[in-house]
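# Chain and residue survey
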Amino acid sequence: MPLYEGLGSGGEKTAVVMDLGEAFTKCGFAGETGPRCIIPSEIKKPDVTKPVRVVQYNINTEELYSYLKEFIHMLYFRHLLVNPRDRRVVIIESVLCPSHFRDTLTRVLFKHFEVPSVLFAPSHLMSLLTLGINSAMVLDCGYTESLVLPIYEGIPILSCWGSLPLGGKAIHKELEYQLLEQCTVDTGLAKGQSLPSVMGSVPEDIVEDIKVRTCFVSDLQRGLKIQAAKFNIDGTAERPSPPPDVDYPLDGEKILHVVGPIRDSVVEILFEQDNEETSVATLILDSLVQCPIDTRKQLAENLVVIGGTAMLPGFLHRLMAEIRYLVEKPKYKEALATKTFRIHTPPAKPNCVAWLGGAIFGALQDILGSRSVSKEYYSQTGRIPDWCCLNNPPLEMMFDVGKAPPPLMKRAFSTEK
């Protein structure tokens, strides 16, 4: 890092900002315009053929501790190349992050890496810092789920969140199924072989690469026709003309023929309404209906979409078209007082917006000092306050009146030094 970086902040080194996503982790330094590295959230184990995912919620604590320890060691000493003891840490977290994952991650950072302090920042709230607004409806389309959370005047309205298991993982599963069912492979020995006869399953990194390079989101009218042809209840619906086929080289000898209809149909699972009539677009509208009526207009006019799945070509255009199409239906027409919807364009790619917000937040030294949980506080209490739990006792109640509390953090906007 450059010599002059700490001069303006009284000599304190810039914080490390980590966004541990289920598929990819973004990591870098506060005050910078982009992460230093975007790497898969996985580690390689010598006795396991497939890489092990680090962000797992359904494994025991000790196993998770060892995974996180190895992964964060790689972040610090292979990618960031800094001493963890010198720098505060800002962790971008999801609203749905379980407590045991937060606690284990905190234990790794404080006990193993001995970082000075940790700040957990909600990803939806951080994304607003990149735009300089304080009220918005934030939709995060990630790997495992799509999660919507309204934020009004800087306060997350936690009672109005909504989530669906529609994201990159669902698209990958559908794409792999379609590839194995419909596509053929040319090898050095023969042409037109079925994909299952050449390889039993397609590795997820190849599926993801095919999705990124070949798939796209259709416009509304075309999408509705594709859905009608897929279900084809009365047998009369015709599928619109498909995009051209694509040849995808699997390796030096095998070439996969990706048929055209797959390219635009796999992403439709995000917008197909299931038996409960829910999709990514209804998530936003249902959350809006739950919000207080005087906040709805402002939230509807400030939509922010983040997450890697939102980077698919045509996604934002289709999302807006779906919202305008659904808002005319009786279910929403009477409940919503507004028909005006606008999507903001953050100053970063959708997958890095939350990280960039954390980098801005981490560069505010006064706020970072007042909101972070210090190592001394953690060593005395063994817990980390949960930002979204309103039932936590105030810090003053956790200590005897006669004793001075540990140096956690001064109150935000406090004048004492």
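Residues numbered from 1 in each chain as written. Predicted model: local features only at pLDDT ≥ 70, side-chain atom pairs only at ≥ 80, totals over all residues. Heavy atoms only, no water.

This part is about helix 1 (residues 61-80). Helical geometry note: an α-helix holds 3.6 residues per turn, so side chains three or four residues apart project in the same direction. The terminal C-alpha atoms of helix 1, which comprises 20 residues, lie 26 Å apart, in line with the 28 Å expected from a rise of 1.5 Å per residue. Put simply, Asn 60 is the residue that caps the front of helix 1, since its side-chain oxygen is 3.2 Å from the backbone nitrogen of Glu 62. One or two steps after helix 1, the chain reaches Leu 81, where phi turns positive at roughly 60°. (Helix = DSSP H or I, 4+ residues; strand = E, 2+ residues; numbered from the N terminus. Expected span 1.5 Å × (residues − 1). Polar contact = N/O pair within 3.5 Å; in protein donor to acceptor, adjacent residues only side chain to side chain.)

Attention now moves to the packing of helix 7 (residues 220-231) against helix 11 (residues 315-326). Remark: helix 7 packs on helix 11, axes separated minimally by 9 Å, with the N-to-C direction vectors making an angle of 80°. When the interaxial angle is binned, helix 7 and helix 11 end up roughly perpendicular. Contacts between helix 7 and helix 11 involve Leu 220, Gly 223, Leu 224 and Gln 227 from the first element and Arg 318, Ala 321, Glu 322 and Tyr 325 from the second. Its residues assigned to classes, the contact of helix 7 with helix 11 comprises four nonpolar, two polar and two charged. (Axes fitted to C-alpha atoms, helices over the stretch in contact; angles between N-to-C directions. Parallel < 35°, antiparallel > 145°, perpendicular 65-115°, else oblique. Contact = heavy atoms within 4.5 Å. Nonpolar A, V, L, I, M, F, W, Y, C, P; charged D, E, K, R; others polar.)

Ordered by their spatial adjacency, six strands build an open sheet running 3-2-1-6-7-17, and the pairing between neighbours is mixed. Looking at strand neighbours, the two that pair on one side only are strand 3 (37-40) and strand 17 (373-374), the edges of this open sheet. Relative to strand 7 (residues 117-122), strand 6 (residues 89-93) is paired through five bridges, and the arrangement is parallel. Across the sheet, residue Val 90 finds its bridge partner in strand 7, namely Leu 119. Along the sheet face, helix 1 touches strand 1 (16-20), strand 2 (24-29), strand 3 and strand 6 and points at about 145° away from the line of strand 3. (Pairing = 2+ DSSP bridges.)

All right, on to the sheet that holds strand 14 (residues 246-249) then. The strand order across the open sheet built from four strands is 13-12-15-14, with neighbouring strands paired in antiparallel fashion. The open sheet has two free edges, formed respectively by strand 13 (193-194) and strand 14, since each of these has just one partner strand. Here three bridges tie strand 12 (residues 184-186) to strand 15 (residues 255-258), and the two strands are oriented antiparallel to one another. Of the residues in strand 15, the one forming a bridge with Val 185 is Leu 256.

This part takes up the confidence of the model for the protein. Mean pLDDT over the protein works out to 87, with 89% of the residues at or above the 70 mark. Mean pLDDT across the secondary structure elements of the protein bottoms out at helix 14 (residues 365-371), with 82, and peaks at strand 2, with 97. This model gives residues 388-402 a pLDDT under 50, and the stretch forms 17 contacts once residues within four places in sequence are excluded. Throughout residues 407-417 the model reports pLDDT below 50, and contacts reaching past four residues in sequence, or to other chains, amount to 23 contacts. (pLDDT = per-residue confidence, 0-100.)

Under the defined criterion, the tally for this structure stands at 19 salt bridges. With a shortest N-O distance of 3.2 Å, Arg 85 and Glu 114 are connected by a salt bridge. Note that Arg 85 is positioned in the loop between helix 1 and strand 6 and Glu 114 in the loop between helix 2 (99-112) and strand 7, a separation of 29 residues in sequence. Using a relative accessible area of 29% as the deciding quantity, one classes Glu 114 as partly exposed. For the salt bridge of Glu 268 with Arg 318, the shortest nitrogen-to-oxygen distance reads 2.9 Å. (Salt bridge = Lys/Arg side-chain N within 4 Å of Asp/Glu carboxyl O. Buried < 20%, exposed > 50% of the residue type's maximum accessible area, 1.4 Å probe, protein only.)

Among the nonpolar cores identified, the biggest contains 54 residues, and Leu 139, Leu 179, Leu 256, Phe 315, Leu 319 and Phe 341 are the most heavily contacted of them. It is helix 9 (residues 280-290) that provides the largest number of residues to this core, a total of six residues. Those residues in contact with Leu 179 that lie beyond four places of it in its chain are Leu 195, Ile 210, Leu 256, Val 258 and Ile 262. Within the second largest apolar cluster, 39 residues are counted, among which are Val 54, Tyr 67, Val 115 and Val 118. (Core = buried A, V, L, I, M, F, W, Y, C linked by side-chain atoms within 4.5 Å.)

At a minimum axis distance of 9 Å, the contact between helix 9 and helix 11 shows a crossing angle of 55°. Overall, the two elements helix 9 and helix 11 adopt an arrangement that is oblique. Pair helix 9 / helix 11 crosses with right-handed handedness. Of helix 11, the residues touching helix 9 (which contributes Val 280, Ala 281, Thr 282, Ile 284 and Leu 285) are Phe 315, Leu 319, Glu 322, Ile 323 and Leu 326. In the contact of helix 9 with helix 11, the residues fall into eight nonpolar, one polar and one charged. (Left-handed = near helix turned anticlockwise from the far one by under 90°.)

Bringing the environment of Ile 360 into the picture now. As for its position among the elements, Ile 360 is in helix 13 (residues 353-362). On the basis of relative accessibility, which here comes to 33%, the residue Ile 360 falls in the partly exposed class. Along the backbone, Ile 360 and Phe 29 are 331 residues apart, and their C-alpha atoms lie at a distance of 9.7 Å. Beyond its immediate sequence surroundings of up to four residues, Ile 360 is in contact with Leu 129 and Thr 130.

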